[in-house]
Amino acid sequence: MEIAQARPRALNDPVGLAQRWGTEISASKQELQNFHTDAKRIVHRYLDKREDFGRDQSRVNLFWSTMQVLLSMLYARPPRADVSRSWQDSDDDQARVAGTIMQRMLNRSFDDNVSAWDSSVRNGIEDWLTVGMGQTWLRYEVKTEPYTIDAVVDPITGIELSPSTEAERILEEDAPCDYVFWADFFWSPARTWAEVRWVARRVYMTKDQLVERFGAEIANIVPLYGQNKNMDTRITNPQFDPWNKGEVYEIWCKESRKVYWYSKGASTILDVKDDPLGLDNFFPCPKPLSANVTTSNFMPRADYIFAQDQFNELDEINTRITWLTRAAKVAGVYDKTAGDSVGRMFSQAAENQLVPVDNWAMFAEAGGVKGKIDFAPIDQVVNCINQLRQYRQDKVMQIYEVLGISDVMRGSSKASETATAQQIKAQFGSTRVQLKQFYIAEWICEALRIKAEIICKHWQPETILKRSNIERTPDAQYAMQAVQLLKDEELAAHGIRAAGLKTDEDCAGSAHHVRLAN
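It should be emphasised that the depicted structure is a prediction, and the values quoted were computed from it without experimental measurement.

Parameters at a glance
- Residues numbered from 1 in each chain as written.
- Predicted model: local features only at pLDDT ≥ 70, side-chain atom pairs only at ≥ 80, totals over all residues.
- Heavy atoms only, no water.
- Axes fitted to C-alpha atoms, helices over the stretch in contact; angles between N-to-C directions.
- Helix = DSSP H or I, 4+ residues; strand = E, 2+ residues; numbered from the N terminus.
- Parallel < 35°, antiparallel > 145°, perpendicular 65-115°, else oblique.
- Contact = heavy atoms within 4.5 Å.
- Nonpolar A, V, L, I, M, F, W, Y, C, P; charged D, E, K, R; others polar.
- Patch = residues over 30% accessible without salt bridge, like charges linked within 9 Å, V, L, I, M, F, W, Y side chains within 5 Å.
- Areas by Shrake-Rupley, 256 points an atom, 1.4 Å probe, with all protein chains shown as cover.
- Salt bridge = Lys/Arg side-chain N within 4 Å of Asp/Glu carboxyl O.
- Buried < 20%, exposed > 50% of the residue type's maximum accessible area, 1.4 Å probe, protein only.
- Polar contact = N/O pair within 3.5 Å; in protein donor to acceptor, adjacent residues only side chain to side chain.
- Pairing = 2+ DSSP bridges.
- pLDDT = per-residue confidence, 0-100.
- Expected span 1.5 Å × (residues − 1).

### Quick notes on the packing of helix α3 (residues 93-108) against helix α15 (residues 479-487)
- Interhelical geometry of α3 versus α15 gives an angle of 75° and a closest axis separation of 8 Å. The angle between α3 and α15 places the two elements in the roughly perpendicular class. Listed contacts from α15 to Q94, A95, V97, A98, I101 and M102 of α3 are A479, Q481, A482, V483, L485 and L486.
- In terms of residue class, the contact of α3 with α15 is made up of 10 nonpolar, 2 polar and no charged.

### Description of a nonpolar patch on the surface
- Taken together, the side chains of V152, I159 and L161 present a nonpolar region at the surface, about 280 Å² in accessible area.
- Position of V152 among the secondary structure elements: in strand β4 (residues 152-153).
- Judged by relative accessible area, V152 falls into the partly exposed class, the value being 40%.

### Observations concerning the pattern of salt bridges
- Taken as a whole and judged by the stated rule, the model has 26 salt bridges.
- One salt bridge connects R41 with D38, and the closest N-O pair in it is separated by 3.3 Å. You can see R41 and its partner D38 sitting in helix α1 (residues 14-46), 3 residues apart, about one turn around the helix.
- Three or more residues joined by partner-sharing salt bridges are found here, namely R139, E141, D178, R201 and E250.

### A short note on the environment of R257
- Mapped onto the elements, R257 comes out in the loop between β10 (246-253) and β11 (258-262).
- Relative accessible area serves as the criterion here: at 33%, R257 is assigned to the partly exposed category.
- Separated by 19 residues in the primary sequence, R257 and P276 have C-alpha atoms spaced 9.2 Å apart.
- When sequence neighbours within four positions are dropped, the list of residues in contact with R257 reads D274, D275, L279 and F282.
- Within polar-contact distance, the side chain of R257 engages the backbone oxygen of L279 at 3.1 Å.

### Some points on unusual backbone geometry
- At D48, a position not held by glycine, the phi torsion is positive, near 55°.
- Positionally, D48 belongs in the loop between α1 and α2 (62-74).
- Even without being glycine, N469 reaches a positive phi, approximately 55°.
- Relative to the helices and strands, N469 resides in the loop between α14 (461-468) and α15.

### A few points about the sheet that holds strand β9 (residues 198-205)
- A sheet is described by the order of its strands in space; here 5 strands give the open sequence β8-β9-β10-β11-β12, paired in antiparallel fashion. Of all strands in the sheet, those with a lone pairing partner are β8 (185-187) and β12 (271-274), marking the two edges. Going across the sheet, the axis of each strand differs from the next one's by a mean of 20°, ignoring polarity.
- Relative to β12, β11 is paired through 4 bridges, and the arrangement is antiparallel. Its bridge partner being in β12, Y260 is matched across the sheet by V272.
- Against the sheet, α1 engages β8, β9, β10, β11 and β12, with an angle of about 110° to β8.
- Lying over the sheet, helix α5 (residues 207-214) contacts β9, β10, β11 and β12, oriented at roughly 130° with respect to β9.

### Concerning the confidence of the model for the chain
- Here the chain averages 80 in pLDDT, while 75% of its residues score no lower than 70.
- Per-element confidence in the chain is highest for β8, whose mean pLDDT is 97, and lowest for strand β16 (residues 496-502), whose mean pLDDT is 36.
- Throughout residues 1-6 the model reports pLDDT below 50, and contacts reaching past four residues in sequence, or to other chains, amount to 6 contacts.
- Taken together, the stretch residues 492-518 has pLDDT below 50 and engages in 94 contacts with residues farther than four places along the chain or on a different chain.

### Remarks on the sheet that holds strand β2 (residues 133-138)
- Strand order in the open sheet formed by 3 strands is β7-β2-β13, with antiparallel pairing between adjacent strands. Single-partner strands in this sheet number two, and they are β7 (177-180) and β13 (289-290).
- Bridge count between β2 and β7: 4 bridges; the pairing is antiparallel. Note that in β7 the partner of Q135 across the bridge is V180.
- Against the sheet, helix α4 (residues 116-130) engages β2, β7 and β13, with an angle of about 155° to β2.

### Thoughts on helix α12 (residues 378-403)
- For α12, with 26 residues, the first-to-last C-alpha span of 37 Å sits near the 38 Å given by 1.5 Å per residue.
- Where α12 is concerned, the buried positions are V381, I385, L388, K395, V396, I399, Y400 and L403.
- Following α12 by one or two positions, G404 has its phi on the positive side, about 80°.

See the structure below:
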């Protein structure tokens, strides 16, 4: 499919918007096509899925084991947010309590036994380590109920001053964090993240969900597909989902500061809303965890690709060792004219049992057993196996050098190595691991910053007080003033920001700061 060189006119009517975003999504898919192709192949390799022609291979899934080691080092347990003031003024109790309130609510995200935040973050990190990109998505979720405001009546005259009215009140508020599958996240082609004009995520909705969200009229124009019939997702998604679903793209455009809902094949745009969150950076998601991006093109490239030749060679070596091991068996030939005595010696004779030989004199004259039997050269096969095993070990070390996993970090070393040598190898491996920890910390910190901004701009003061439980602490006297400080628009625009990292060995470097200015 060719993409038009000229940018289509951004019409305000639903049909024009559908055409515009159809072009934008198609361009993004073309830009991401190679990444998605590589990612699907890497997932198959990671899960050791084999086609019919590869079932006879003998693989060493070192890629899977290495990623498991990295995951345990990079994200050992859920992080902890550390919210503090920009200026540590001793008499500024209002800002101090505001920081405590925000810290409590952010950390509450990870405190549940089955935390959606922890699951989303962990899934994103696993995607980043395997295919090269991980992403989350923040939302403001609110539940309301209608109620009636009674009419106001003058108690003296009995005249109705104002009639009764219908209104809604908030029952529950939340800022959930959704995991976004790597194949369902799209963005405008750009060199760097700062140049990205829009971001989008693809969600799959049944007919009932479409009707509930967009109404019956719009739901009827959305094409529905079976998961095993959709060419874009049939390789990665479940193959036997019994329900047909529609593909809906939620698109956040920074240029127009609007959110669009688009479905491929629909004649009109599904819905358009003005900026619903009012975030400073507009996008409801942080910059995605992206591996090996450059300033020439913001396109992830998985670590596996840089070592794929070594992984393939390792599989080939292991397959050869397997077949040679099967060939390393006692096998040979014997002279049939000597009768069946020589054959019976191996097939029937038990321990310490002698097999009789007819015409011993002729048998001895011909050289005995050595003259009547000869074995396959098993010593050459065994020698080849030993050489391949040594070559395999060298290839494993080469893979660890490419991926930056040193011997000490894998829990093994040579007894002859000095403590200095072990320390050098550990530092060599930890250098790249520390950089990965920083990327993860930056990503989670930005997600927490977005949640903090949603809380400040959209949550009711009563919800903030209830969720933080600050009124049951000695700082209860400052609680309402602290909430007012959080709700201040000017403060929300400048006061909540990411402020670096705090090392925490137990969390494997995944503790973060969200600083609150006073």
